[in-house]
Amino acid sequence: GAAMMAAAARRGRLGREGRASLCSFLLGASVAALPLLLGSSSSLLAGPGLRGRLALALHVAGVNAALLLFYPRPLYKIAVRACFLGFAFGCGLLLSAGRSAWRHFGWYMCSLSLFHYSEYLVTAINNPRSLSLDSFLLNHSFEYNLAALSSWVEFTLEKLFFPELKQITWLSTVGLLMVIFGDCLRKAAMLTAGSNFNHIVQNEKSDTHTLVTSGVYGWFRHPSYVGWFYWSIGTQVLLCNPICVVGYALASWRFFRERIEEEEITLIHFFGEEYLEYKRKVPSGLPFIKGVKLDL
């Protein structure tokens, strides 16, 4: 993830918004260096002590003051969101490095924050014309936010009443691998599609809109949805959340089934026989989802 960000910046395709977001994300993530500055190897978040908490508060206040000072209002809105995600990523690293029962939740924090930030960054590289605050996907939907909150509640309650359930490292590792696979597949799909990729299903075909069938699109018709599907379920396997694993799988499957049908109607309208031929050759990539049904 970090290597991808650095490579993107080196390619020089980042506009002002993208550069501001990257600097702010890294500034927020610098919270992970606090234990080195304090001469402490233990996690600031899980370990006891007022000193660590005070250092975190000062870091947040100092970074926010720097953003307010350096960025005008429109860029500050971008910077503060990227910085928040960077801070969450850095806190996730601190939890991951500690030996507390929250270690696997640290892995989850890193996965979640990096997913949302990289959505914005890749859009900034690929399709800057469609770039907006919504590209962070932080306000994706009420249902998405409710699902995230549910997973945090389940993790906390089960950690309280069944602490051994949250210490199954091999299962959390499987979840982490699912998360990495899913996010990498989604970002590969976004990069392959280039300016054709958009977070919002397009109802009108633009002059630059072409049918992408190469790269990961040669494996699946909807690789970005396949990636997001396995990423979302992987986050719950990582947390060892049995209820949310089932809930996320069912809710995600239903969402993508409807989304794919809606999108394919548009794609057939855009590309006609060319898309129908592609649809016959390449699977959707998601289990038991064949896409829009047509009487051919």
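A quick note: this is a predicted structure, and the numbers were derived from the prediction, not measured.

Draft legend 1. Spotlight on the pattern of salt bridges. With the rule as written, the count across this model stands at 10 salt bridges. With a closest N to O distance of 2.9 Å, lysine 187 and glutamate 119 form a salt bridge. You can see lysine 187 sitting in helix H8 (residues 169-193) and its partner glutamate 119 sitting in helix H6 (residues 103-126), a full 68 residues away along the chain. Each member of the pair lysine 187 and glutamate 119 is classed as buried.

Draft legend 2. Quick peek at the domain arrangement of the protein chain. Here the domain parsing of the protein chain yields domain 1 (1-139) and domain 2 (140-295). With 24 residues of domain 1 in contact, the opposing surface of domain 2 contributes 34 residues. Of all residues in domain 1, the largest losses of buried area upon contact with domain 2 belong to His104, Tyr108 and Phe115, amounting jointly to 24% of the total for that side. Here arginine 186 ties to glutamate 119 by a salt bridge, and the two come within 2.7 Å at their closest N and O atoms. A per-element tally of the side of domain 1 that touches domain 2 places H6 first, with 13 residues. Class assignment of the residues belonging to the side of domain 1 that touches domain 2 gives a composition of 11 nonpolar, 10 polar and 3 charged.

Draft legend 3. Quick peek at the packing of aromatic side chains. Counted under the stated rule, the structure contains 17 aromatic pairs. Consider the rings of tryptophan 219 and phenylalanine 220, whose centres lie 6.4 Å apart with planes at 90°: the pair is edge-to-face. Judged by centre distance (5.0 Å) and plane angle (80°), the ring pair of phenylalanine 229 and tyrosine 230 falls under edge-to-face. Among the residues examined, phenylalanine 229 registers a relative accessible area of 6% and is labelled buried.

Draft legend 4. Representation of the environment of leucine 22. With respect to the secondary-structure elements, leucine 22 resides in helix H2 (residues 16-29). What makes leucine 22 buried here is its relative accessible area of 11%. Remark: the alpha-carbon pair of leucine 22 and tyrosine 117, spanning 95 residues in sequence, is separated by 8.8 Å.

Draft legend 5. Up close: the packing of H6 against helix H9 (residues 223-238). It is the contact of H6 with H9, at a shortest axis distance of 9 Å, that shows an interaxial angle of 160°. With respect to each other, H6 and H9 are oriented roughly antiparallel. Note on packing geometry: the crossing formed by H6 with H9 is left-handed. On H9, the residues that touch His104, Trp107, Tyr108, Ser111, Leu112 and Phe115 of H6 are Trp228, Trp231, Thr235, Gln236 and Leu238. Partitioning the contact of H6 with H9 into residue classes produces 7 nonpolar, 4 polar and no charged.

So, how was this worked out
Residues numbered from 1 in each chain as written. Predicted model: local features only at pLDDT ≥ 70, side-chain atom pairs only at ≥ 80, totals over all residues. Heavy atoms only, no water. Salt bridge = Lys/Arg side-chain N within 4 Å of Asp/Glu carboxyl O. Helix = DSSP H or I, 4+ residues; strand = E, 2+ residues; numbered from the N terminus. Buried < 20%, exposed > 50% of the residue type's maximum accessible area, 1.4 Å probe, protein only. Domains from an automatic or database assignment. Contact = heavy atoms within 4.5 Å. Buried area = accessible area lost by both parts, 1.4 Å probe. Nonpolar A, V, L, I, M, F, W, Y, C, P; charged D, E, K, R; others polar. Phe/Tyr/Trp six-rings, centres within 6.5 Å; stacked < 30°, edge-to-face > 60°. Axes fitted to C-alpha atoms, helices over the stretch in contact; angles between N-to-C directions. Parallel < 35°, antiparallel > 145°, perpendicular 65-115°, else oblique. Left-handed = near helix turned anticlockwise from the far one by under 90°.

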